[in-house]
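Topology and contacts: notes
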Amino acid sequence: MKRMISCLVAMAAAVAVQGGEPASPAKTSALCPQIAQAAPNTWVKLDEAMAKDGKAPACGLTYLASAGKFLLTGSNNKTAETLFDPASGKWEEAQPGLAPNKLLKESSSCFLAWDPATDRGYGYIGSDTWGKNLLCFDYAQKAWTNLASKNPPPKNGEAFTRWASLCWLPDSGEVMLANGAAPYGGSGTWLYSPPSNAWRQLTFGSPLINDRRADLHKLYVQGQDWVAACRNRHYRTETAEASKLSLQKGGTDLVAAIKAAGAALGSAKGTDEYETQQLARAKAALAETLKIADSEFKKLDGPLNAPLLTVLQDGLTEALRSARDELAVEPPPRGNSPLLWHPVARKVVTFGGDGYSRAYADTWAFDPAKSRWMQSHPSAGPGPRAG
């Protein structure tokens, strides 16, 4: 296999930095000809054979404003940290005192939350140790340190913090961790304070929203279980005990539960306009499930078939999931959804992500001043994606 790293496309004046203030645009005279002579809004392949030891998957790329270079961290278990200089268009080794993979004796996967004031980056390394080892890379020393932070987010096995994203919050001088793997639960939202070397988890949502979301999650599970029973009946994979259950009665019970949940949402009063809109969208999603039930449940009197099961799985249960997620107080669990600091709005923005069974196309913003996540609903936007 050809040794290759994904081609770096550099336009130093338009770098998205994971935390910190925007850097001053690079002068055209300070850029190599490939970059300086490139037309605006174009891709330029600068290099595709940088890695001497093979590909560099799951690596993090950070722009260092003080050095005017890009820092590549992570990659495979042999490649040390490297720097890309836009002035020369060449890669160079960062000459770290101790690479993260050697520090932990395992392959590394590192995405940094960079503090431009101290030229230090904070990141989780590795696979089995994810959620346990927060490391710090000091650019001046070219060295890694295992911080042994206190009260860390649950490690893999207790809850999935794997694939969570990090972002530096310049206003508070903290590292933010959010998103995280699905489908068994995400990491939640955490903040790390370098002075105290400790993490703390943030909680969100009013009691009303949290209680209604818990109710809708139970409804979603009820819907999933009923559709699974239909599927097992069709494919003759149900147990002898399950074969005695009436699918029609299960469908009737589910419809009654959906109607009761919709009534509860209709009588609920949000604490502000945002919560009021959340409740309205959740109720609208439940109304969609009733439309599906009205048109499809009558078919349960006849033989089950694959098209009906598809409608129940992709239509009914997805509408129930959507109703639950409309009341989310932070992004639902996902991976590969970077957190980016917006220096004008003073907020953290995240888009999309990998939910394992689906790719997301939602947009969320976290306001550190209010300690609150809010989902945006633009009229148009990119399609589902992760990366």
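So, here is what we can say about the structure in this document.

About the cut-offs
- Residues numbered from 1 in each chain as written.
- Predicted model: local features only at pLDDT ≥ 70, side-chain atom pairs only at ≥ 80, totals over all residues.
- Heavy atoms only, no water.
- Pairing = 2+ DSSP bridges.
- Helix = DSSP H or I, 4+ residues; strand = E, 2+ residues; numbered from the N terminus.
- Axes fitted to C-alpha atoms, helices over the stretch in contact; angles between N-to-C directions.
- Salt bridge = Lys/Arg side-chain N within 4 Å of Asp/Glu carboxyl O.
- Buried < 20%, exposed > 50% of the residue type's maximum accessible area, 1.4 Å probe, protein only.
- Parallel < 35°, antiparallel > 145°, perpendicular 65-115°, else oblique.
- Left-handed = near helix turned anticlockwise from the far one by under 90°.
- Contact = heavy atoms within 4.5 Å.
- Nonpolar A, V, L, I, M, F, W, Y, C, P; charged D, E, K, R; others polar.
- Core = buried A, V, L, I, M, F, W, Y, C linked by side-chain atoms within 4.5 Å.
- Expected span 1.5 Å × (residues − 1).
- Phe/Tyr/Trp six-rings, centres within 6.5 Å; stacked < 30°, edge-to-face > 60°.
- Polar contact = N/O pair within 3.5 Å; in protein donor to acceptor, adjacent residues only side chain to side chain.

Some thoughts on the sheet that holds strand S9 (residues 164-169)
One open sheet holds the four strands; their spatial order is S9-S10-S11-S12, and the pairing between them is antiparallel. The sheet is open, and its two borders are formed by S9 and strand S12 (198-202), each paired with just one other strand. Taken pair by pair, the neighbouring strands of this sheet meet at an average axis angle of 25°, ignoring direction. Bridge count for strand S10 (residues 174-179) against strand S11 (residues 189-193) is three bridges, and the pairing is antiparallel. From the neighbouring strand, Val175 faces S11, where its bridge partner is Tyr192.

Focus on the pattern of salt bridges
Applying the stated criterion across every chain, the model contains 16 salt bridges. A salt bridge links Arg120 to Asp138; the shortest N-O distance between them is 3.2 Å. Separated by 18 residues along the polypeptide, Arg120 in strand S6 (residues 120-124) and Asp138 in strand S7 (residues 134-138) bring together distant segments of the chain. For Arg120, a relative accessible area of 35% translates into the label partly exposed. For Arg324, the salt bridge goes to Asp325, with nearest N and O atoms at 3.0 Å. Of the two residues, Arg324 and Asp325, both sit in the buried class. Counted as one network, the salt bridges with shared partners bring together Glu318, Arg321, Arg324, Asp325 and Arg358.

Considerations on the packing of helix H3 (residues 207-235) against helix H5 (residues 273-296)
Contact geometry of H3 with H5 gives a least axis separation of 11 Å together with a crossing angle of 15°. As summarised for this structure, H3 and H5 are arranged roughly parallel, according to the angle between their axes. Regarding H3 and H5, the two cross each other, and that crossing is left-handed. Facing H3, whose interface residues are Leu208, Ile209, Leu216 and Leu219, H5 presents Glu275, Gln278, Leu279, Ala282 and Leu286. For the contact of H3 with H5, a count of residues per class yields seven nonpolar, one polar and one charged.

Here we look at the nonpolar core
Core analysis: the biggest nonpolar cluster contains 46 residues, and Met176, Leu216, Trp226, Leu286, Phe297 and Leu316 have the highest contact counts within it. Those elements giving two or more residues to this core turn out to be S9, S10, H3, helix H4 (247-267), H5, helix H6 (306-325), strand S13 (339-342) and strand S15 (359-367). Excluding its chain neighbours within four sequence positions, the residues that come into contact with Trp226 are Leu247, Gly250, Gly251, Leu254, Phe297, Leu300, Leu312 and Leu316. Counting residues in each nonpolar core, the second largest holds 13 residues, with Ala113, Leu134, Cys136 and Val175 among its members.

With respect to the sheet that holds S7
Across the sheet, four strands lie side by side as S5-S6-S7-S8; this open sheet has antiparallel pairing. At either end of the open sheet lies a strand with only one pairing partner, and these are strand S5 (113-115) and strand S8 (143-146). Each adjacent strand pair in this sheet contributes to an overall mean axis angle of 25°, direction not counted. The pairing of S5 with S6 spans three bridges and is classified as antiparallel. Looking at S6, one finds that Asp115 is bridged to Arg120.

With respect to H3
If you check H3, its first and last C-alpha atoms are 42 Å apart, about what 29 residues at 1.5 Å a residue would give, namely 42 Å. Within the span of H3, buried status applies to Ile209, Leu216, Leu219, Tyr220, Gly223, Trp226, Val227 and Cys230. Where H3 is buried, its residues touch H4, H5 and H6. Note on H3: the residue one or two positions beyond its end, Arg236, has a positive phi of about 60°.

Some thoughts on the packing of aromatic side chains
On inspection of all chains with the given rule, the structure shows 11 aromatic pairs. Both rings, one in Tyr63 and one in Phe70, keep their centres 5.0 Å apart while their planes meet at 55°; by these two values the pair is tilted. Accessibility expressed as a relative area gives 9% for Tyr63, which makes it buried. Seen in terms of ring centroids, Phe204 and Phe366 are 6.1 Å apart; in terms of plane orientation they differ by 75°. Their pairing is edge-to-face.

A closer look at H5
For H5, spanning 24 residues, the distance from its first C-alpha to its last is 35 Å, which sits close to the expected 34 Å at 1.5 Å a residue. Contacts made by the buried residues of H5 are with H3, H4, H6, S15 and strand S16 (372-376). N-cap assignment for H5: the residue whose side-chain oxygen lies 3.3 Å from the backbone N of Tyr274 is Asp272.

Some words on the pairing of S9
Among the six residues that make up S9, six are buried, leaving the element largely enclosed by the rest of the structure. Residue alternation in S9 divides its side chains into two sets, Ala164, Leu166 and Trp168 and Ser165, Cys167 and Leu169, and both sets are buried. Sheet analysis places S9 next to S10, joined by six bridges and oriented antiparallel. Each bridged residue has a counterpart across the sheet, and for Leu166 the counterpart in S10 is Leu177.

Brief notes about unusual backbone geometry
In terms of backbone geometry, most residues other than glycine have negative phi values and most peptide bonds are trans. You will see that Asp119, though not glycine, has its phi angle at about 55°, which is positive. Positionally, Asp119 belongs in the loop between S5 and S6. With relative accessibility at 14%, the residue Asp119 sits in the buried group. Positive phi values are uncommon outside glycine, yet Asn151 reaches one of about 50°. Relative to the helices and strands, Asn151 is located in the loop between S8 and S9.

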